[in-house]
Amino acid sequence: MKDADVQVIKNKVKKWLAIGFTATIASSIFYVPTAAAHGEKSQAAFLRMRTIHWYDLKWSADSVAINDTYSLSGKFHVFSEWPEAVSLPRVSFLNIGQPGPVFVRTAAYINDVFVPRSVGIETGGDYTFHVDLKARRVGEWHIHAMMNVEGGGPLIGPGKWVTITGNERDFTDKVTTLTGQTVDLENVNLGTVVGWHLFWLIIGLSWMVWWVRRPLFLSRYMRIEEGDTEGLITEADKKAGLAVLVGVLVIIMYGYKSSESEFPITIPLQAGLLGDIASIEMPYKGKVTGRVISAGYRVPGRTIKFKVEITNNSDKVLSVGSFETGGVRFLNSKVTKDKYGYPEELLAPDGLEVSQQDIGPGETAVIDITGTDAAWEVQRLADVIYDPDSRFGGLLFLVDPDGNEAIIEVGGPLIPTFA
Ligand SMILES: [Cu+2]
C-alpha cells in the first residue's frame, strides 16, 4: 500500500472516531430517560398476543402511603395456541413487574391457592389471581401483572401508575415466626451479618499487616534466591501463626455453638414446584364458540380486523362487548364500559366496531370485527410485521343481558395489507 493510501485510511478512521465520540457525548447530554415502557413493548407482538391474556384487572388504589397495603387482582387466560418459542407454562411464577422492591409482596394467590413458589398452569384455562403488596419506596411506579415461565421468560401484563407517599424510614415488614418471635424482615439479623463479616475481615487484614510491616518483596526475594532464609520466619511469626490457627478454629466453633443456641430451631429453604392448579369453570363454557375466518391489519396503521363465525348455543342474547389482545382493550361502548380504571394508554373506550352486535340464542353469525386505536401502534402490536410467526390471538368478550361474560378465544393467521 502506498503512503498516500495509508494516510487516506487514517483520516477516515479519525473522522469516524470523531463522529462516534461526538454522538456519544451528545446522546448522553440530550438523552433524558423516561420510564414509559417497561419491557413489554419490545417483546415480539405475536408472543404477547398468544401467551397470557390478563383481564378484569383491578389495581386497588392510585395512591398509597408507606406501609399501606395495595393489591393487584384479576383474571388471566392461558392461550390455547401457545407459541413454540415459549415452553409450556408447567413451571410458572406469578410475579409483579416493578422497578425493584418499591412494594414488597406480602402474599400471592392463583385461584385462592397461596403461590410463593412456581406452579403449573394449563393452556386454554382461566384463572383468578390476587397479589398483596406493601408500599416501601416513595415515588411514582408503574406496576405490572407478570408471569415468569421457565423456558420462556417474562410475560408482562398491563401496567398502571401508582404513587407512594410518606416517609420511607417508617417502613417495616414484620413477621412472626413459628418460634413466637416477631422480627422486622427489613433489617432482621443485619447487625449479625455485618458484624461477622467485619470481624473476619479485620482478622484477615491483621494477618496481612503482621507480615507487611516488614520489607516484603525485593529483600525477601533476594534472600531466598541466595539461599539465606535465616530469620525470614521468626519464632514470633511461628507463635503468631499458631495463635491465629487455633484462634480461628475456636472462634468458628464458638460462633457455631452460639448461633445454634440462639436459633435452636431452623429449617432448610422451602422450595419445589407446587404442582398444577386447575383452571376455573367459566360461564357459557362450551356453549359459545368462535372461529376466525380471516384476519388482517394495515401497514402502517392502527387497525386490526377479523371476520369471525360465532355460534351461540346458550339461551340468552349475547352482545359483542370488547376485544382484548396484548394488553390492549378495544371496547364497544354501546355494550361495555370500563369498570376498574384500566390504564388509559391501553384502553380504547370506543375502539371496537362490529358488523353485528347481538347474537340470538341458537344463532350462528359471521361478524366483521374492527379494533382501532393508537395503542395498536404505540404498544407496537403493529410490529407483528417483524415477527417470524404472523399470527394473532386475543379474547372476545360477549355479554349477556345480566352482564355475565362469555369469553371466546380468537386467533389465527394475521395478514398484512399495504394498500
Ligand atoms: Cu411499566
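Please read all numbers here as calculations on a predicted model, not as lab measurements.

Moving on to the nonpolar core. In terms of nonpolar packing, the biggest core is built from 77 residues, with Phe76, Phe103, Ile143, Phe306, Phe392, Leu396 and Leu398 touching the most fellow members. Counting the residues that make up this core, at least three belong to each of domain 2 (40–179) and domain 4 (288–418).

Only His38 (ND1), His142 (ND1) and His144 (NE2) from the protein reach the copper ion as donors, at distances of 1.8 to 2.0 Å. Of note, the copper ion draws all its donor residues from one chain, in the sequence arrangement H-x103-H-x1-H. Taken together, the positions of His38 in the loop between helix H1 (3–30) and helix H2 (45–49) and His142 in strand S8 (residues 139–149) put the pair 104 residues apart, joining distant regions of the chain.

In this structure the tally under the stated criterion is 17 aromatic pairs. Taking 6.1 Å as the distance between ring centres and 50° as the angle between the ring planes, the aromatic pair formed by Phe76 and Phe129 counts as tilted. Of this pair, Phe76 sits in strand S3 (residues 69–78) while Phe129 sits in strand S7 (residues 126–135); the two residues are 53 residues apart in sequence, bridging distant segments of the chain. Like Phe76, the residue Phe129 is buried in the burial classification. One aromatic cluster is present, formed by Trp54, Phe76, Tyr127 and Phe129 through successive ring pairs. In this structure, Lys134 is placed above the aromatic ring of Phe171, and the distance from its NZ or CZ to the ring centre is 5.7 Å.

What links the strands of a sheet is backbone hydrogen bonding, and the strands pair in either a parallel or an antiparallel sense. Strands sit in the order S2-S9-S8-S4 across an open sheet of 4 strands; the sheet is mixed. If you trace the sheet from one side to the other, it starts and ends with strand S2 (63–65) and strand S4 (92–97), each paired once. Between one strand axis and the next, the sheet turns through 35° on average, direction left out of account. Of the pairings in the sheet, the one linking S2 to strand S9 (residues 153–165) comprises 3 bridges and is parallel in character. When the bridges of S9 are listed, Val64 appears paired with Ile164.

The subject of this paragraph is the environment of Asn187. Relative to the helices and strands, Asn187 is located in the loop between strand S11 (182–184) and helix H3 (190–212). Along the chain, Asn187 and Asp173 lie 14 residues apart, while their C-alpha atoms are 8.8 Å from each other.

Looking now at the side chain of Arg48. Note that Arg48 resides in helix H2. Despite being buried, Arg48 has no salt bridge partner; Asp383 is the closest side chain of opposite charge, sitting 6.4 Å away. A distance of 3.2 Å separates the side chain of Arg48 from the backbone oxygen of Gln43, its partner in a polar contact. A polar contact of 3.4 Å, which involves the side chain of Arg48, links it to the backbone oxygen of Arg380.

Here Asn312 is to be found in strand S13 (residues 303–312). Judged by relative accessible area, Asn312 falls into the buried class, the value being 0%. Separated by 2.7 Å, the side chains of Asn312 and Ser314 make a polar contact. There is a polar contact of 2.9 Å between the side chain of Asn312 and the backbone oxygen of Lys316. Those residues in contact with Asn312 that lie beyond four places of it in its chain are Lys287, Val288, Val317, Leu318, Ile359, Gly360, Pro361, Gly362 and Glu363.

Right, let's talk about the UniProt feature "transmembrane region" (unreviewed entry) in the chain for a bit. Within this structure's numbering, the places UniProt gives as "transmembrane region" (unreviewed entry) are residues 194–212. Across residues 194–212, helical content stands at 100% and strand content at 0%; the span's end C-alpha atoms are separated by 26 Å.

This next bit is on the pairing of S8. With respect to burial, S8 is a largely interior element, 8 of its 11 residues being buried. Here S4 pairs with S8 via 6 bridges, running antiparallel. Following the sheet pairing, Gly97 is matched in S8 by His144. Bridge count between S8 and S9: 10 bridges; the pairing is antiparallel. Of the residues in S9, the one forming a bridge with Val149 is Gly153. Between S8 and S9, which pair antiparallel in sequence order, lie 3 residues; one of them, Gly151, sits at a positive phi of approximately 80°.

Here helix H5 (residues 235–262) is 28 residues long and its end C-alpha atoms lie 40 Å apart, about the 40 Å a rise of 1.5 Å per residue gives. Residues Asp237, Ala240 and Gly255 constitute the buried set of H5. In this structure, the buried residues of H5 make contact with H3.

This part takes up the environment of Thr69. Inspection of the secondary structure puts Thr69 in strand S3. In sequence terms Thr69 and Lys337 are 268 residues apart; their C-alpha atoms lie 27 Å from each other. In this view, Thr69 contacts Val64 and Leu133; residues no more than four positions away in its chain are not counted.

In this section: the pattern of salt bridges. Taken as a whole and judged by the stated rule, the model has 15 salt bridges. In this structure, the salt-bridge partner of Arg214 is Asp237, at a minimum N-O distance of 2.7 Å. You can see Arg214 sitting in the loop between H3 and helix H4 (218–226) and its partner Asp237 sitting in helix H5, a full 23 residues away along the chain. Since its relative accessible area comes to 3%, Asp237 is described here as buried. Here Glu377 and Arg302 are joined by a salt bridge, their closest N and O atoms 2.7 Å apart. Here the residue Glu377 occupies a position in helix H6 (residues 374–378), and Arg302 occupies one in the loop between strand S12 (288–298) and S13, the gap between them amounting to 75 residues. Put simply, Arg50, Glu81, Asp389 and Arg391 are held in one network by salt bridges that share partners.

Conventions adopted
Residues numbered from 1 in each chain as written. Predicted model: local features only at pLDDT ≥ 70, side-chain atom pairs only at ≥ 80, totals over all residues. Heavy atoms only, no water. Core = buried A, V, L, I, M, F, W, Y, C linked by side-chain atoms within 4.5 Å. Buried < 20%, exposed > 50% of the residue type's maximum accessible area, 1.4 Å probe, protein only. Domains from an automatic or database assignment. Donors = N, O, S within 2.8 Å, 3.2 Å for Na, K, Ca; no water. Helix = DSSP H or I, 4+ residues; strand = E, 2+ residues; numbered from the N terminus. Phe/Tyr/Trp six-rings, centres within 6.5 Å; stacked < 30°, edge-to-face > 60°. Lys NZ or Arg CZ within 6 Å of the ring centre and 35° of its normal. Pairing = 2+ DSSP bridges. Axes fitted to C-alpha atoms, helices over the stretch in contact; angles between N-to-C directions. Lys, Arg positive; Asp, Glu negative; His and termini not counted. Salt bridge = Lys/Arg side-chain N within 4 Å of Asp/Glu carboxyl O. Polar contact = N/O pair within 3.5 Å; in protein donor to acceptor, adjacent residues only side chain to side chain. Contact = heavy atoms within 4.5 Å. UniProt positions renumbered as here; feature names shortened; annotations may be inferred. Expected span 1.5 Å × (residues − 1).

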